[in-house]
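Summary of structural features
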Amino acid sequence: MPQALDAILESFHRAGQGHVFAFADRLGPEARARLVAEASEVDLAELDRLVSTLVRSSGAQSVDLEGLLPAPYERLPGNGGDAAAWAKARAAGEAALRAGRVAAFTVAGGQGTRLGYDGPKGTFPVTPVRRCSLFQVFAEKLRAAGLHYDRPIHWFIMTSHQNHAATEAFFLENGHFGLDPSRVHFFRQGRMPAVDFSGKILLETQGSLALSPDGHGGSLRALARSGALDLMQEEGIDTLSYFQVDNPLVRSIDPAFIGWHLLRGSEMSSKMVPKAYPEEKLGHFCVQKGRLVVIEYSDLPMELQRERDTATGSLRYEAGSIAIHIIDREFVRRMAGGTGGLPFHRADKKIATVDASGAEVRPAKANGVKFELFVFDALPFARNPVVIETARADDFSPVKNAEGVDSPATCRADQMRQFGRWLAASGVPVPGDSTGLPDFSLEVSPLFGYDEETFREAWSRLDPKPDVADGLCLTTPSK
Ligand code: UTP
């Protein structure tokens, strides 16, 4: 250990980062060992590259927009898409599910700063009546789909160092929500050090580095490093259904999406929704030099975001990314082991730190830079990537902010609208406002029905039918 310590100290000094040990003499043996362990996580060569390309080179990174075109996508049958092709895709996806080839994959390592909730975001009570957590909603969807396809579904959950233990404890306390614990797999994502504007690693306290999760794109290397990919291979899983922890509306397991991906021989597929208005803050699916790319809303000039197709009047760059993907297992392995890999992005943030005397600093404005990887940056490397359209109301209503757009209130309302549509489709009129928000409280557990079709089946078997006028909460299957 002392030798390792010497080697680490020397490499940090050589890299101009020796200041991270400035207070090491004030620490007890355990705290010092923790600091050294954190330091040994840092890839100094990688950091040096990032500092020279993203921090010292004046900051503003301009995104190359040359030759950019809107990406083509598969329209839903109701919007002019090929109904027969969708049916074929669905059948192929269902066959893959019955064969046990598909696992669910949730990225849950984010810090959730905008929501400001104390605890892992997946434990946030999100449903309108039962106030179930996000994790419970996904668990019930996966349980229901596993029963439907007669093949229990493995679930991989990426956590962060910060929320790993709390996430695992939450599942234990809740009996894994009825899932077989041997099919629920947690693993931590990597961390990156934050630096000041001159490239020096920031200390969070005298005895710890300012480390933060390396972005959802860190999931690719974390899947490989954690052994998750090997486990999938042993289990005969070759396809991952990727979704974010903050979107309870997501069709966690969508056979048609899986089928489009498999039939096209795609390595990474994506869902789009037509942007609701030009300024909507979604990334844009585009094609550039023959490759599929996502251009963030902040990087696409507003005049392009406002451009309209002269024939149809719809936005030219209309394909908004909602962070739902199907990913091929071996593609993940290739990306994780690749020489170039995904590019890091720079985010200027307020980062709690200590000053030269070791006193705490809580900055009022951005004082440093965090480095993050984005999963959609893998798309240009993927063979035959497919983009399919989805109905926003049945796939996307994220909880990002404490209030306003994409908040718990908007998400609860979107869930109730969906349950209201299912009831209406089952022949039960649902009084509500002009946006389809029911007048009474309404919740349907995915165990009762997880989409319109499964809901209608379960509803038709209910005898007697409940009276909906005073509100309704359907939790258990009717047989
Ligand atoms: P967001 O970009 O919304 O970030 O993550 P966030 O950290 O959850 O929230 P803010 O920005 O601090 O308010 C989108 C998805 O990616 C996951 C999140 O858990 C969420 O499911 N994510 C994000 C990770 O798993 N790791 C990361 O490092 C970042």
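In this numbering scheme, every chain counts its residues from 1 along its sequence in written order. Since the coordinates come from a predicted model, pLDDT governs what is reported: local features require at least 70, and pairs of side-chain atoms require 80 or more to be given and counted, while whole-chain, interface and lining totals use all residues. With hydrogens and water excluded, all non-hydrogen atoms of the structure serve as input to the side-chain values.

Per-residue accessibility, obtained with a 1.4 Å probe over protein chains only, is compared with the maximum for each type, and a residue is labelled buried under 20%, exposed over 50%, and partly exposed between these values. Counting from the N terminus, the helices are the DSSP runs of H or I reaching at least four residues and the strands are the DSSP runs of E reaching at least two. Along strand E2 (residues 102-107), six of the six residues are buried, which leaves the element largely enclosed by surrounding structure. Here E2 shows a buried face lined by Val 102, Ala 104 and Thr 106 and a second buried face lined by Ala 103, Phe 105 and Val 107. A strand pair is defined by DSSP finding two or more bridges across the two strands. Sheet analysis places E2 next to strand E9 (residues 239-244), joined by six bridges and oriented parallel. Bridged to Val 107 within E9 is Gln 244. Note that E2 and strand E3 (residues 155-159) share four bridges and pair parallel. Counted as the bridge partner of Thr 106 is Ile 157 from E3. A right-handed crossover is one whose linking path, passing over the helix from the first strand to the second, runs clockwise when the strands point away from the viewer. For the crossover from E2 across helix H5 (residues 134-148) to E3, the handedness is right-handed.

Quick look at the packing of helix H12 (residues 408-425) against helix H13 (residues 452-461) now. Interaxial distance between H12 and H13 falls to 9 Å at its minimum, and their mutual angle equals 55 degrees. By the criterion of interaxial angle, the relationship of H12 to H13 is oblique. The element H12 and its partner H13 pack so that their crossing is right-handed. Counting all contacts with H12, which are made through Trp 422, Leu 423 and Ala 425, the residues of H13 involved are Glu 452, Phe 455, Arg 456 and Trp 459. Of the residues contributing to the contact of H12 with H13, the split by class is five nonpolar, no polar and two charged. Orientation is described by lines fitted to C-alpha atoms, with helices fitted over the stretch in contact, and by angles between N-to-C directions that extend from 0 to 180 degrees. We call two directions roughly parallel when the angle between them is under 35 degrees, roughly antiparallel when it is over 145, roughly perpendicular when it lies between 65 and 115, and oblique otherwise. Should the near helix be turned counterclockwise from the far one by less than a right angle, the crossing is left-handed, whereas a clockwise turn marks it as right-handed. Should any heavy atoms of two residues lie within 4.5 Å, those residues are counted as being in contact. In the scheme used here, Gly and all other residues not listed as nonpolar or charged are polar, with Ala, Val, Leu, Ile, Met, Phe, Trp, Tyr, Cys and Pro taken as nonpolar and Asp, Glu, Lys and Arg as charged.

Another aspect to go through is the packing of helix H4 (residues 83-98) against helix H9 (residues 255-263). The geometry of H4 relative to H9 is characterised by a closest axis approach of 6 Å and an angle of 95 degrees between their N-to-C directions. In terms of their interaxial angle, H4 and H9 are classed as roughly perpendicular. Residues Ala 85, Trp 86, Lys 88, Ala 89, Arg 90, Ala 92, Gly 93, Glu 94, Ala 96 and Leu 97 of H4 form the contact with H9, whose own contacting residues are Pro 255, Ala 256, Ile 258, Gly 259, Trp 260, Leu 262 and Leu 263. In terms of residue class, the contact of H4 with H9 is made up of twelve nonpolar, two polar and three charged.

Residues of helix H3 (residues 44-55) that are buried include every one of Leu 44, Glu 46, Leu 47, Leu 50, Val 51, Leu 54 and Val 55, and no others. With its buried residues spanning 150 degrees around the axis, H3 presents them on a single face. The distance from a side-chain oxygen at the start of H3 to the backbone nitrogen of Ala 45 is 3.2 Å, and the residue carrying that oxygen is Asp 43. The arc in question is traced by the directions running from the helix axis to the C-beta atoms. For this analysis, a polar contact is any N or O atom pair within 3.5 Å, provided that within protein one partner can donate a hydrogen and the other can accept it, and provided that sequence-adjacent residues contribute only side-chain to side-chain pairs.

Attention now goes to the side chain of Gln 189. Among the structural elements, Gln 189 can be located in the loop between strand E4 (184-188) and strand E5 (191-193). According to the relative accessible area criterion, Gln 189 is buried, its value standing at 3%. At 3.1 Å, the side chain of Gln 189 forms a polar contact with the backbone oxygen of Gly 215. Excluding residues within four positions of it along the chain, Gln 189 makes contact with Gly 109, Gly 110, Met 158, Thr 159, Ser 160, His 161, Pro 213, Asp 214, Gly 215, Ala 222 and Arg 225.

Ranked by internal contacts, the top residues of the largest apolar core, which has 63 residues, are Phe 12, Phe 21, Phe 105, Leu 223, Phe 285 and Phe 371. Top contributing element to this core by residue count: H3, with six residues. Leaving out residues up to four positions away in the same chain, Phe 21 has contacts with Ile 8, Leu 9, Phe 12, Leu 35, Val 36 and Ala 39. Nine residue types can take part in a nonpolar core, namely buried Ala, Val, Leu, Ile, Met, Phe, Trp, Tyr and Cys, and a core is a set of them joined through side-chain atoms within 4.5 Å.

Moving on to the packing of aromatic side chains. Only Phe, Tyr and Trp rings take part, Trp by its six-membered ring, and two of them pair if their centres are within 6.5 Å. Stacked means planes under 30 degrees apart, edge-to-face means over 60, and tilted covers everything else. Overall, the coordinates contain 18 aromatic pairs when judged by the stated rule. The interplanar angle of 70 degrees and the centroid separation of 6.4 Å between the aromatic rings of Phe 135 and Trp 155 together place this pair among those described as edge-to-face. Here Trp 155 lies in strand E3 and Phe 135 lies in helix H5, a separation of 20 residues in the sequence. When its relative accessible area of 1% is taken as the criterion, Phe 135 is described as buried. Owing to a relative accessible area of 0%, Trp 155 belongs among the buried residues under this scheme. Ring geometry for Phe 455 and Trp 459: centres 5.9 Å apart, planes at 15 degrees, overall stacked. Placement of the pair is Phe 455 and Trp 459 together in helix H13, with a separation of four residues, close to one helical turn. With respect to burial, Phe 455 and Trp 459 carry one shared label: buried. An aromatic cluster of at least three residues, connected via ring pairs, comprises Phe 135, Trp 155, Phe 170, Phe 171, Phe 177 and Phe 186.

The subject of this paragraph is the pattern of salt bridges. Should a side-chain nitrogen of Lys or Arg be within 4 Å of a carboxyl oxygen of Asp or Glu, the pair is scored as a salt bridge. Considering all chains together, one arrives at 30 salt bridges under this definition. Measuring nitrogen to oxygen at the nearest pair gives 3.4 Å for the salt bridge that ties Glu 10 to Arg 14. Separated by four residues within a single helix, Glu 10 and Arg 14 lie in helix H1 (residues 2-14), roughly one turn from each other. Its salt-bridge partner being Arg 362, residue Glu 360 comes within 3.5 Å of it at the nearest N-O pair. Owing to a relative accessible area of 57%, Arg 362 belongs among the exposed residues under this scheme. Via salt bridges that share partners, Asp 230, Arg 329, Glu 330 and Arg 333 belong to a single interconnected network.

Moving on, we come to the site of the ligand. Lining the immediate surroundings of the ligand are 18 residues, of which Val 107, Thr 113, Arg 114, Gln 189 and Lys 400 lie closest. Val 245 is positioned such that a nitrogen or oxygen atom in its backbone is 3.0 Å from an oxygen atom of the ligand. Calculation on the ligand without its partners gives an accessible area of 570 Å², and the protein chains cover 87% of this total. Residues that form the shell around the ligand fall into these classes: five nonpolar, nine polar and four charged. Neighbouring residues are identified by heavy atoms, a residue being near a molecule or strand if any of them is within 4 Å of it. Values of accessible area rely on a 1.4 Å probe in the Shrake-Rupley scheme; residue burial ignores everything except the protein chains shown.

Turning next to the environment of Ala 469. Topologically, Ala 469 is positioned in the loop between H13 and strand E20 (472-474). By relative accessible area, Ala 469 is classed as exposed at 51%.

Phi is mostly negative for residues that are not glycine, and the peptide bonds are mostly trans. At the junction of Asp 463 and Pro 464, the peptide bond is cis and its omega measures out at 0 degrees in the coordinates. Positive phi is not limited to glycine here, since Arg 131 has a value of about 55 degrees. With respect to the helices, strands and loops of the structure, Arg 131 is situated in the loop between E2 and H5. Even without glycine at this site, Ala 323 takes up a positive phi of about 60 degrees. For Ala 323, the position within the fold is in strand E13 (residues 319-328).

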